[in-house]
Amino acid sequence: MSESPRDGDSVPMGELDVPTLRTIGRRADTHPLVESWQFDPSSAAPRLLELRIDAETYPAAVDAVRLDVRWFTTDDYSLHYVERRGDDQYQCRWDRHPKSDAPRTHFHPPPDAGTAEESPLDAHFLEVLFTVLDWTSERVERLHETSDLE
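Residues numbered from 1 in each chain as written. Predicted model: local features only at pLDDT ≥ 70, side-chain atom pairs only at ≥ 80, totals over all residues. Heavy atoms only, no water.

A closer look at unusual backbone geometry
Trans is the prevailing form of peptide bonds, just as negative phi is the prevailing case for residues other than glycine.
For step 1, the next point in the chain: Omega for the peptide link from aspartate 40 to proline 41 comes to 0°, which places this bond in the cis form.
For step 2, the next point in the chain: Relative to the helices and strands, proline 41 resides in the loop between strand S1 (34-40) and strand S2 (48-53).
For step 3, the next point in the chain: Residue proline 111 follows proline 110 across a cis peptide bond; omega there is 10°.
For step 4, the next point in the chain: Position of proline 111 among the secondary structure elements: in the loop between strand S6 (105-108) and strand S7 (117-118).
For step 5, the next point in the chain: Positioned with a positive phi, aspartate 75 is a non-glycine residue whose angle comes to about 70°.
For step 6, the next point in the chain: Tracing the backbone shows aspartate 75 in the loop between strand S3 (64-71) and strand S4 (77-85).
For step 7, the next point in the chain: A positive phi angle, close to 55°, is found at alanine 113, a residue other than glycine.
For step 8, the next point in the chain: Summarising the element assignment, alanine 113 is placed in the loop between S6 and S7. (Helix = DSSP H or I, 4+ residues; strand = E, 2+ residues; numbered from the N terminus.)

So this is what it looks like as structure tokens:
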């Protein structure tokens, strides 16, 4: 399901905030692009919350889209956007956690979730969720406008 971050890069660690993840799942389900949500591997032993994005809204070359969400009791987080096209993927990630070579709140840009840069996101889970879902909506629009999968 979830790919590992790039070598030498890490996502936040610690105790998952399962009640917040459930709230994120329920609130995300109200967004028109979100098809469904589920815990991976299960609600009894969650490692992350997977939001499945409706790939039918993307150009035909996109096979599947998901957003993997980890939210921790420390309000650290990782939201990993992954677009699948056959064997290829386009990805980026929003993180909040201590990192020696980047700000605490940072973004790993597409197309390969590259080197971290500063992110304007805060620590409120609904603000983070809907900002990332807005970015996803804009991504769909850009892909349709340009017919270029970058």
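Things to note about the packing of aromatic side chains
For step 1, the next point in the chain: Taken as a whole, this structure holds six aromatic pairs when the rule is applied.
For step 2, the next point in the chain: Ring centres of tryptophan 94 and tryptophan 135 lie 5.1 Å apart, and the angle between their planes is 80°; on these two criteria the pair is classed as edge-to-face. Residue tryptophan 94 is found in strand S5 (residues 88-96), and its partner tryptophan 135 is found in helix H2 (residues 125-146); the two are separated by 41 residues along the sequence. An identical accessibility class is assigned to tryptophan 94 and tryptophan 135; each is buried.
For step 3, the next point in the chain: The cationic tip of arginine 139 hangs over the ring face of tyrosine 90; the distance from NZ or CZ to the ring centre is 3.5 Å. (Phe/Tyr/Trp six-rings, centres within 6.5 Å; stacked < 30°, edge-to-face > 60°. Buried < 20%, exposed > 50% of the residue type's maximum accessible area, 1.4 Å probe, protein only. Lys NZ or Arg CZ within 6 Å of the ring centre and 35° of its normal.)

What about the packing of helix H1 (residues 18-28) against H2?
For step 1, the next point in the chain: H2 packs onto H1 with a crossing angle of 40° between their chain directions and a minimal axis gap of 11 Å. In terms of axis orientation, H1 runs oblique to H2. Handedness of the crossing formed by H1 with H2: right-handed. Of the residues in H2, those in contact with Thr20, Thr23, Ile24, Arg27 and Ala28 of H1 are Phe125, Leu126, Leu129, Phe130 and Leu133.
For step 2, the next point in the chain: Looking at the contact of H1 with H2, its residues break down into seven nonpolar, two polar and one charged. (Axes fitted to C-alpha atoms, helices over the stretch in contact; angles between N-to-C directions. Parallel < 35°, antiparallel > 145°, perpendicular 65-115°, else oblique. Left-handed = near helix turned anticlockwise from the far one by under 90°. Contact = heavy atoms within 4.5 Å. Nonpolar A, V, L, I, M, F, W, Y, C, P; charged D, E, K, R; others polar.)

Points about the side chain of histidine 80
For step 1, the next point in the chain: With respect to the helices, strands and loops of the structure, histidine 80 is situated in strand S4.
For step 2, the next point in the chain: A distance of 2.5 Å separates a polar atom in the side chain of histidine 80 from a polar atom in the side chain of glutamine 91. (Polar contact = N/O pair within 3.5 Å; in protein donor to acceptor, adjacent residues only side chain to side chain.)

So, the pairing of S3
For step 1, the next point in the chain: Most of S3 sits inside the fold, with seven of its eight residues counted as buried.
For step 2, the next point in the chain: Alignment of S2 against S3, held across five bridges, turns out to be antiparallel. Within S3, the residue paired with leucine 51 across the bridge is leucine 67.
For step 3, the next point in the chain: In terms of strand pairing, S3 meets S4 through eight bridges, oriented antiparallel. (Pairing = 2+ DSSP bridges.)

Quick look at the confidence of the model for the protein chain
For step 1, the next point in the chain: In this model, the protein chain carries an average pLDDT of 90, and 89% of its residues clear a pLDDT of 70 or more.
For step 2, the next point in the chain: The low-confidence segment residues 1-8, where pLDDT is below 50, has 21 contacts with residues more than four positions distant or belonging to other chains. (pLDDT = per-residue confidence, 0-100.)

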